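Each chain is listed here by its residues.
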Amino acid sequence: MSGLTEKLRRVYVPMTETGFYILFCLQKERHGYSITQKVKDLTEGQLSISPGTMYGTLAKMEKDGLIAFVREEEKRKLYSITELGRQILELEIQRIERLYRNSKEEV
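Source: prediction; values computed, not measured.

The rules behind the values
Residues numbered from 1 in each chain as written. Predicted model: local features only at pLDDT ≥ 70, side-chain atom pairs only at ≥ 80, totals over all residues. Heavy atoms only, no water. Axes fitted to C-alpha atoms, helices over the stretch in contact; angles between N-to-C directions. Helix = DSSP H or I, 4+ residues; strand = E, 2+ residues; numbered from the N terminus. Parallel < 35°, antiparallel > 145°, perpendicular 65-115°, else oblique. Left-handed = near helix turned anticlockwise from the far one by under 90°. Contact = heavy atoms within 4.5 Å. Nonpolar A, V, L, I, M, F, W, Y, C, P; charged D, E, K, R; others polar. Salt bridge = Lys/Arg side-chain N within 4 Å of Asp/Glu carboxyl O. Buried < 20%, exposed > 50% of the residue type's maximum accessible area, 1.4 Å probe, protein only. Polar contact = N/O pair within 3.5 Å; in protein donor to acceptor, adjacent residues only side chain to side chain.

Participant: Looking at this structure, I do not really get the packing of helix α2 (residues 17-25) against helix α4 (residues 51-63). What am I missing?
Facilitator: In a packed pair of helices, the relevant descriptors are the angle between the two axes and the axis-to-axis distance. Contact geometry of α2 with α4 gives a least axis separation of 11 Å together with a crossing angle of 70°. When the axes of α2 and α4 are compared, the pair comes out roughly perpendicular. Both α2 and α4 take part in a crossing whose hand is right-handed. Residue-level inspection shows T18, G19, I22 and L23 of α2 in contact with α4, the latter providing T53, M54, T57, L58 and M61. Counted by class, the contact of α2 with α4 contains five nonpolar, four polar and no charged residues.

Okay, here's the thing in structure tokens:
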């Protein structure tokens, strides 16, 4: 996986639930408020992301190359996932799937 360093893997896998949903939502171009609304829908209101957490996470993910600023629309910055972000997201989805599979096994 090009660009995926061991350091990034350690930082992002496992992901926080908030980080996962932000990256997951950015498979489509979105701005922070749009992500917040989508996460509320996806989690049936169980996860609410504060503006501070949202914009702090977006800034960190952009700095680390997981997402990229695409354009500004009505004074809102739109972001999208990068190839590196897709790699991290895929690793996390595989981890979650493994957890789910293992939870169904008899101990």
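Having put the structure on the table, let's press on.
Participant: Could you clarify how one ought to interpret the pattern of salt bridges in this entry?
Facilitator: It is possible for side chains of opposite charge to pair when their charged atoms get near one another. According to the stated counting rule, one finds six salt bridges in the structure shown. Between R71 and E29 there is a salt bridge; the shortest N-O distance is 2.8 Å. Of this pair, R71 sits in strand β1 (residues 67-73) while E29 sits in the loop between α2 and α3 (32-42), and the two are 42 residues apart along the sequence. On the basis of relative accessibility, which here comes to 36%, the residue R71 falls in the partly exposed class. By relative accessible area, E29 is classed as partly exposed at 33%.

Participant: Before we go on, may I ask you to explain the environment of R101 in this structure?
Facilitator: When you line up the elements, R101 lands in helix α5 (residues 83-103). Separated by 49 residues in sequence, R101 and G52 place their C-alpha atoms 34 Å apart.

Participant: Honestly, the environment of D64 in this entry has me stumped. Any pointers?
Facilitator: Relative to the elements of secondary structure, D64 occurs in the loop between α4 and β1. Each C-alpha atom of the pair D64 and L8 lies 7.9 Å from the other, and the pair is 56 residues apart in sequence. Look past the residues within four positions of D64 in its chain and what remains in contact with it is L8, Y12 and L84. A distance of 2.9 Å separates polar atoms of two side chains, one belonging to D64 and the other to K60.

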